[in-house]
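Examination of the molecular architecture
Chain residues, written in single-letter form:
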Amino acid sequence: MGNASATKFIILEKAFELIYEKGYQATSIDDIIAKTRVTKGAFFYNFKNKEQMGLALINDFMAPNTYRLFVEPLIEAKDPVKDIYRLMHNILLENDSFRIECGCPVHNLIQEMGAINGGFNKALFKNIEMARNALVGCMERGIKNKNLRKDVDPEVVAQFIITGYAGIRNIGKLYKDKSCYKTHLTGLKKYLEGLK
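What counts and how
Residues numbered from 1 in each chain as written. Predicted model: local features only at pLDDT ≥ 70, side-chain atom pairs only at ≥ 80, totals over all residues. Heavy atoms only, no water. Helix = DSSP H or I, 4+ residues; strand = E, 2+ residues; numbered from the N terminus. Contact = heavy atoms within 4.5 Å. Areas by Shrake-Rupley, 256 points an atom, 1.4 Å probe, with all protein chains shown as cover. Lys, Arg positive; Asp, Glu negative; His and termini not counted. Charge placed at Lys NZ, Arg CZ, Asp CG, Glu CD. Salt bridge = Lys/Arg side-chain N within 4 Å of Asp/Glu carboxyl O. Buried < 20%, exposed > 50% of the residue type's maximum accessible area, 1.4 Å probe, protein only. Patch = residues over 30% accessible without salt bridge, like charges linked within 9 Å, V, L, I, M, F, W, Y side chains within 5 Å. Phe/Tyr/Trp six-rings, centres within 6.5 Å; stacked < 30°, edge-to-face > 60°. Core = buried A, V, L, I, M, F, W, Y, C linked by side-chain atoms within 4.5 Å.

The subject of this paragraph is the overall build of the protein. When helices and strands are tallied, the protein shows 9 helices and 0 strands. Secondary structure elements of the protein, listed N to C terminal, follow the sequence α-α-α-α-α-α-α-α-α. Considering only C-alpha atoms, the protein reaches an extent of 60 × 35 × 30 Å along its principal axes. Within the protein, contacts between residues at least 6 apart in sequence are counted, and of these 71% link residues at least 24 apart. With an accessible surface of roughly 10400 Å², the protein has 53% of that area assigned to carbon and sulfur atoms. Looking at the protein, you have 29 positive and 22 negative side-chain charges, and the mean spots of the two groups are 1 Å apart.

Below you can see the structure in the form of structure tokens.
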């Protein structure tokens, strides 16, 4: 990674930390510069404005994380009941990348920016679609392998799982402990087993 690429990555990494904790609109370019300790010139060399940095944050920093967390574990998955449950269990209970009191960074940005900025909406939609498509593909393989009933609609189930995940991550902000995640996972397991 060259100096310019390294600087860009540092800016995105530190911007992510600030935005995840405070929100996009409450985070200023000056906050990001202070956190990264790069010059204002270095920031504007990499991004013409805060919006361009925000879009790069979604596309170049958050999307690879979504791929690693939601897509990679399901690429070879053939038993959706076990594999999707394991995926959600790992993300909610085993992953230390996210802080319970801060929720899900993608869903936070959807709530904050999705309705007011078309570029953000489009980039965040791609992020969600990546996860949704991984779930759909896993279930389609599960139907083919007879691990799911043939009348299961993968599109509907994937949407249900994603919205459930978004909801429980938001509820976690209130509880500030993982007990609500455990309750959610108990319900998810029963739901998934009902698809056999």
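So, on to the pattern of salt bridges. A side chain with one charge can pair with a side chain of the opposite charge if their charged atoms come near. Tallying each qualifying case throughout the model produces 10 salt bridges. Arg 132 is paired through a salt bridge with Glu 129; the nearest N and O atoms lie 2.9 Å apart. Of this pair, Arg 132 and Glu 129 are both found in helix H7 (residues 118-144), 3 residues apart, which corresponds to roughly one turn of the helix. The burial state of Arg 132 is the same as that of Glu 129; both residues are buried. Between Arg 149 and Asp 151 there is a salt bridge whose closest N-O contact spans 2.8 Å.

The subject of this paragraph is a nonpolar patch on the surface. Where nonpolar side chains cluster on the molecular surface, the patch consists of Ile 171, Leu 174 and Tyr 175 and spans about 330 Å² of accessible area. Secondary-structure assignment places Leu 174 in helix H8 (residues 154-175). On the basis of relative accessible area, Leu 174 is assigned to the exposed category, the value being 68%.

Okay, the packing of aromatic side chains next. For the structure on display, the rule yields 9 aromatic pairs. Ring geometry for Tyr 24 versus Phe 120: centroids 4.9 Å apart, planes at 65°, classification edge-to-face. Here the residue Tyr 24 occupies a position in the loop between helix H1 (3-22) and helix H2 (29-36), and Phe 120 occupies one in helix H7, the gap between them amounting to 96 residues. For the pair formed by Tyr 24 and Phe 120, the shared burial category is buried. When the centroid spacing of 5.4 Å and the interplanar angle of 80° are considered together, the rings of Phe 70 and Tyr 165 count as edge-to-face. One end of the pair, Phe 70, is in helix H4 (residues 50-71); the other, Tyr 165, is in helix H8, with 95 residues separating them in the sequence.

Further remarks concern the nonpolar core. The biggest cluster of nonpolar side chains holds 64 residues, and the ones touching the most others in it are Met 53, Ile 84, Met 88, Leu 109 and Leu 135. Taken together, the elements giving at least two residues each to this core come down to H1, H2, H4, helix H5 (80-94), helix H6 (105-113), H7, H8 and helix H9 (179-193). In terms of residue count, H7 provides more of this core than any other element does, 10 residues in total. Residues within four places of Ile 84 in sequence aside, it is in contact with Leu 74, Leu 135, Cys 138, Met 139, Ile 161 and Leu 192.

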